[in-house]
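# Tertiary structure, described
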Amino acid sequence: MNRDTSTTHVPHFMTGDEWQIPTFALLRQNGTLHDGAAAPELSHDKALRIYRAMRFTRVLDERMLAAQRQGRLSFYLQCTGEEATVVGATAALQDDDMIMAQYREQGALAYRGFSIDEFMNQLFGNALDYGKGRQMPIHYGSAEYHYMTISSPLATQIPQAVGYAYGQKLDGEGRCTITFFGEGAASEGDFHAALNMASVHQVPVIFLCRNNGYAISTPTCEQFAADGIAPRAFGYRMHVIRVDGNDLLAVYQATLEARRLAVEDNKPVLIEAMTYRLAAHSSSDDPSGYRSQKEEAAWREKDPLARMRHWLERQGWWDDDEERRREEQLRDEVLAAMKRAERQPPPPLASLVSDVYDAVPAALAEQLAALEAHVRRYPEEYPRGAAGLDGVAGSAAGGR
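This write-up is about the structure you can find in this document.

Cut-offs used in this document
Residues numbered from 1 in each chain as written. Predicted model: local features only at pLDDT ≥ 70, side-chain atom pairs only at ≥ 80, totals over all residues. Heavy atoms only, no water. Helix = DSSP H or I, 4+ residues; strand = E, 2+ residues; numbered from the N terminus. Contact = heavy atoms within 4.5 Å. Buried < 20%, exposed > 50% of the residue type's maximum accessible area, 1.4 Å probe, protein only. Salt bridge = Lys/Arg side-chain N within 4 Å of Asp/Glu carboxyl O. Polar contact = N/O pair within 3.5 Å; in protein donor to acceptor, adjacent residues only side chain to side chain. Phe/Tyr/Trp six-rings, centres within 6.5 Å; stacked < 30°, edge-to-face > 60°. Lys NZ or Arg CZ within 6 Å of the ring centre and 35° of its normal.

## Describing the environment of T80
- Tracing the sequence through the fold places T80 in the loop between helix 1 (44-69) and helix 2 (83-91).
- For the pair formed by T80 and Y276, sequence separation is 196 residues and the distance between their alpha carbons is 8.7 Å.
- Here T80 is in contact with R58, D61, Y276, R277, L278 and A279, once residues within four sequence places are set aside.

Okay, structure coming up:
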């Protein structure tokens, strides 16, 4: 191993301030390119696929937060303000690259083709939900679209992504893994363990940090003293880039190059996307308690959807009529899908003990029988459980 053998005879301490990481940006808010910037190659069809996924995500977020406020949904997390980071990065990947998300990446699934009904079935945890109602809302997952099911514990997906990418390296099929997380999650030990492991084993993984300014209510100035998340890559001798997370073109081009490094050279890459959470942290949060309306208004002027739309209009690919038509269509489709999902029955009660073991163990079957008896005795207290009782005894006893 090559080591720097230079020596000094006077104590000199370094803080890292000697290096400044610039922010990569291509697109101004009015849709024009910065001086000296060149747009990445982006076809008409792909550009519209990107924008439609971004617009769908915004409409879905608005309608589902309203549904939560109406008591129709227990919980929700919005992507509002971060759509360019999520969709732009996803669009730069191959559709069979693995995505390991945190909980604000619904735009990635939308881009890959996850249907409105699939979103709704998960949100309402009905019988058509792939997770069979076991997860909280917004914990999506799809084997078809190479999107690992989201788990609630913060940052666990980061080292998992490294392990998955190591398997991709061994397979040698030219695929990579991207993992999304917020700057708050980067304070977890899993983040550091993952970066070290990825660098030591040289695996094709992209770490994409959405630095949106707040870990729930904790601002970045109270999270760390250094210049953001990007400089941490130096400690692991890892490629790193900081990008304007509201600039779709910049995020797309940065991720394209990161994927090339990951797949062709087995180099892990850290991307820090500088963006802002325009919505509350979740439907349980009130951001007015920790940030000002003036701050929010300043960031609304940097809305990534507006920036992308202006660029599309300058290409002659979008206009006001298309925007209105698409907006109305999306609202109608989301509301119709929500009503369909609400009408679906709940998952069978027996699904509580299926899918983990090849055959349901006797202890679980016994517990299920006790639960069934309890629900049958008090059906008015467990209306959804009672609705899922039909036929459960045979399915539990017989396993899968």
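## A word on helix 4 (residues 116-124)
- With eight of its nine residues buried, helix 4 lies for the most part within the structure.
- Among all positions of helix 4, only I116, E118, F119, M120, N121, Q122, L123 and F124 are buried.
- Buried-residue contacts for helix 4 involve helix 1, helix 3 (106-112), helix 10 (320-343) and helix 12 (383-387).
- Following helix 4 by one or two positions, G125 has its phi on the positive side, about 55°.

## Some words on the environment of R52
- Tracing the backbone through its elements, the reader meets R52 in helix 1.
- A relative accessible area of 32% means that R52 is categorised as partly exposed.
- Taking the C-alpha atoms as reference points, R52 and F114, 62 residues apart in sequence, are found 13 Å from one another.
- Discounting residues that sit within four places of it in the chain, R52 has contacts with W318, E322 and R326.

## Thoughts on the pattern of salt bridges
- One pass over the structure, following the stated rule, counts 30 salt bridges.
- E323 is paired through a salt bridge with R55; the nearest N and O atoms lie 2.8 Å apart. With E323 in helix 10 and R55 in helix 1, the pair connects residues that are 268 residues apart, well separated along the chain. When sorted by exposure, E323 lands in the same class as R55, which is buried.
- A salt bridge links E105 to R210, with the shortest nitrogen-to-oxygen separation between them at 2.6 Å. Taken together, the residues span a long stretch of sequence, with E105 in the loop between strand 2 (98-100) and helix 3 and R210 in strand 5 (residues 205-211) at a distance of 105 residues. Of the two residues, E105 and R210, both sit in the buried class.
- Among the charged side chains, a network of salt bridges with common partners joins R55, E62, R309, E313, D320, E323, E327 and R331.

## Quick look at helix 2
- Most of helix 2 sits inside the fold, with nine of its nine residues counted as buried.
- When helix 2 is considered as a whole, its buried residues turn out to be E83, A84, T85, V86, V87, G88, A89, T90 and A91.

## Things to note about the side chain of N211
- Along the chain, the position of N211 falls in strand 5.
- The buried category is assigned to N211, whose relative accessible area is 5%.
- A polar contact of 2.8 Å, which involves the side chain of N211, links it to the side chain of E272.
- Each residue touching N211, except ones within four places of it in the same chain, is listed here: E183, T220, F224, E272, A273, M274 and T275.

## A short note on unusual backbone geometry
- Positive phi values are uncommon outside glycine, yet I138 reaches one of about 70°.
- One can find I138 in the loop between helix 4 and strand 3 (147-148).
- The backbone of N266 sits at a positive phi, close to 55°, despite the residue not being glycine.
- Along the chain, the position of N266 falls in the loop between helix 7 (248-265) and strand 9 (269-274).

## As for the packing of aromatic side chains
- Inspection of the entire model under this criterion finds twelve aromatic pairs.
- Plain terms: the ring middles of F114 and Y145 are 6.4 Å apart, the flat faces sit at 80° to each other, and that makes the pair edge-to-face. Of this pair, F114 sits in the loop between helix 3 and helix 4 while Y145 is found in the loop between helix 4 and strand 3, placing the two residues 31 residues apart along the sequence. Both residues of the pair, F114 and Y145, belong to the buried class.
- Aromatic side chains Y214 and Y290 sit 5.4 Å apart centroid to centroid with 50° between the ring planes, which places their arrangement in the tilted category. Placement of the pair is Y214 in strand 6 (residues 214-215) and Y290 in the loop between strand 9 and helix 8 (293-300), with a sequence separation of 76 residues. Across the pair, exposure class does not vary: Y214 and Y290 are buried alike.
- Through a chain of ring-to-ring contacts, three or more aromatic side chains come together here, namely F56, F114, F119, Y130, Y140 and Y145.
- Directly above the aromatic system of Y111 lies the positively charged group of R49, at a separation of 3.8 Å from the ring centroid.

## Some points on the environment of Y111
- Assignment of secondary structure puts Y111 in helix 3.
- For Y111, a relative accessible area of 4% gives the class buried.
- Sequence-distant contacts of Y111, that is, excluding residues within four places in its chain, are made with K46, R49, I50, A53, V87, T90, A91 and D95.

By themselves these figures say nothing about function.
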